[in-house]
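# Survey of secondary and tertiary structure
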Amino acid sequence: MTQMDDLTRIRREYQSEPLLETALYPSPMAQFSCWFSEYQQLDPDNVTAMVLATASAGGSPSARIVLLKHYDAEGFCWYSDYRSHKGQVLALNPQAELLFYWPVLDRQIRISGEVQRLDRASAEHYFSERPRGSQLSAAASCQSQRLAGREQLVQQVEAVAQQYRQQSIPCPEQWGGYRLRPLRYEFWQGRENRLHDRLVYSLEDADWIISRLSP
Ligand SMILES: Cc1cc2nc3c(=O)[nH]c(=O)nc-3n(C[C@H](O)[C@H](O)[C@H](O)COP(=O)(O)O)c2cc1C
């Protein structure tokens, strides 16, 4: 039996409650907030994990998980190293998509829009609240750059720890936040026999227009 045969036999049904136009909030952020709260009750450790998908200026895609740190009327925020691969591609092409997959409720949310850096004060404030171990790692690691080996990373951490012995670790210059300002949301609810619900909010002339897509 080949590996492909094995995988085709993995099947699951989606039998959740329907997602109907009549039950949607007019604002997609309110709809997001409602689903976020529901999932937070069930799986608080994973509710903030989201895939961030980007594309280089030449069109090469890349995707990785980052953690949502706050969201409000302005958009969805996370923190990272501006020197990382994502940092480099976002500097040249600020369009991105965020994706939340909430399997316990058979839900997926996709949010696309433009990404901007948060200001320095936000980075400093959030950095100061992180545990010292995370601060050390962020200060010592030049994210996405090649290492000679794990030992090099450990030495870099030790060097930063020595440098700031008995002192607080300052927020690194190249570390900070991003905000994605949404232009489109898609709320996906898994349904029986793969007849899933897909409801999209798109921003047209400053209004959110709701439409349903084929699954
Ligand atoms: C659960 C989880 C949470 C993560 N959270 C973050 C995060 O908040 N910020 C971040 O820069 N990387 C985070 N990462 C690491 C990224 O997925 C990725 O490895 C890193 O950002 C480098 O990506 P890049 O080379 O595409 O820039 C997380 C990874 C996982 C699996």
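A few points on the structure.

What counts and what doesn't
Residues numbered from 1 in each chain as written. Predicted model: local features only at pLDDT ≥ 70, side-chain atom pairs only at ≥ 80, totals over all residues. Helix = DSSP H or I, 4+ residues; strand = E, 2+ residues; numbered from the N terminus. Buried ≥ 20, exposed ≤ 12 C-beta atoms within 10 Å, placed from the backbone. Contact = placed C-beta atoms within 7 Å. Arc of directions from axis to C-beta. Pairing = 2+ DSSP bridges. Axes fitted to C-alpha atoms, helices over the stretch in contact; angles between N-to-C directions. Parallel < 35°, antiparallel > 145°, perpendicular 65-115°, else oblique. Left-handed = near helix turned anticlockwise from the far one by under 90°. Nonpolar A, V, L, I, M, F, W, Y, C, P; charged D, E, K, R; others polar. Near = placed C-beta within 6 Å.

The helix and strand tally for the chain stands at six helices and nine strands. Its C-alpha atoms put the chain at 60 × 55 × 40 Å along the principal axes. The proportion of buried residues among the 215 residues of the chain is 22%. For the chain, the share of sequence-separated contacts (at least 6 apart) that also reach a separation of at least 24 residues comes to 62%.

What follows deals with the environment of Val51. Assignment of secondary structure puts Val51 in strand β1 (residues 49-55). Between the alpha carbons of Val51 and Leu99 there is a distance of 4.9 Å; along the sequence they are 48 residues apart. In this view, Val51 contacts Ala63, Ile65, Leu98 and Leu99; residues no more than four positions away in its chain are not counted.

Taken as a whole, helix α5 (residues 132-140) has its buried residues at Gln135, Ala138 and Ala139. Along the long axis of α5, the arc covered by the buried residues comes to 95°, so they all point the same way. Exposed side chains of α5 directed beyond 90 degrees from the buried face belong to Gly133 and Ser134.

Now for the pairing of strand β2 (residues 61-67). With zero of its seven residues buried, β2 lies for the most part at the surface. In this structure, the hairpin formed by β1 and β2 is closed by a connection of five residues, where Gly59 is found at a positive phi of approximately 100°.

Across the interface, α5 lies against helix α6 (residues 150-163) with an axial gap of 9 Å and an inter-helix angle of 115°. Here α5 is positioned roughly perpendicular relative to α6, judged by the angle of their axes. When you trace α5 past α6, the crossing you get is right-handed. Taken together, the residues of α6 that come into contact with α5 (itself represented by Leu136, Ser137, Ala139 and Ala140) are Gln156, Val157, Val160 and Ala161. A per-class count over the contact of α5 with α6 returns six nonpolar, two polar and no charged.

This part takes up the pairing of strand β6 (residues 107-117). Of the pairings in the sheet, the one linking strand β5 (residues 95-102) to β6 comprises eight bridges and is antiparallel in character. Within the sheet, the bridge partner assigned to Glu97 lies in β6 and is Ser112. The loop that links β5 with its antiparallel partner β6 comprises four residues; one of these, Asp106, has a positive phi angle of about 55°. Bridge count between β6 and strand β7 (residues 175-189): eleven bridges; the pairing is antiparallel. For Arg107, the partnering residue across the bridge sits in β7 and is Gln189.

Residues in contact with the ligand amount to 14 residues; listed here are only the nearest, Arg64, Ser80, Ser84, His85 and Lys86. For the shell around the ligand, the secondary-structure elements that each account for two or more residues are β2, β4 (75-81) and α3 (85-92). The element contributing the most residues to the shell around the ligand is β2, with five residues. Taken together, the residues that form the shell around the ligand break down as six nonpolar, six polar and two charged.

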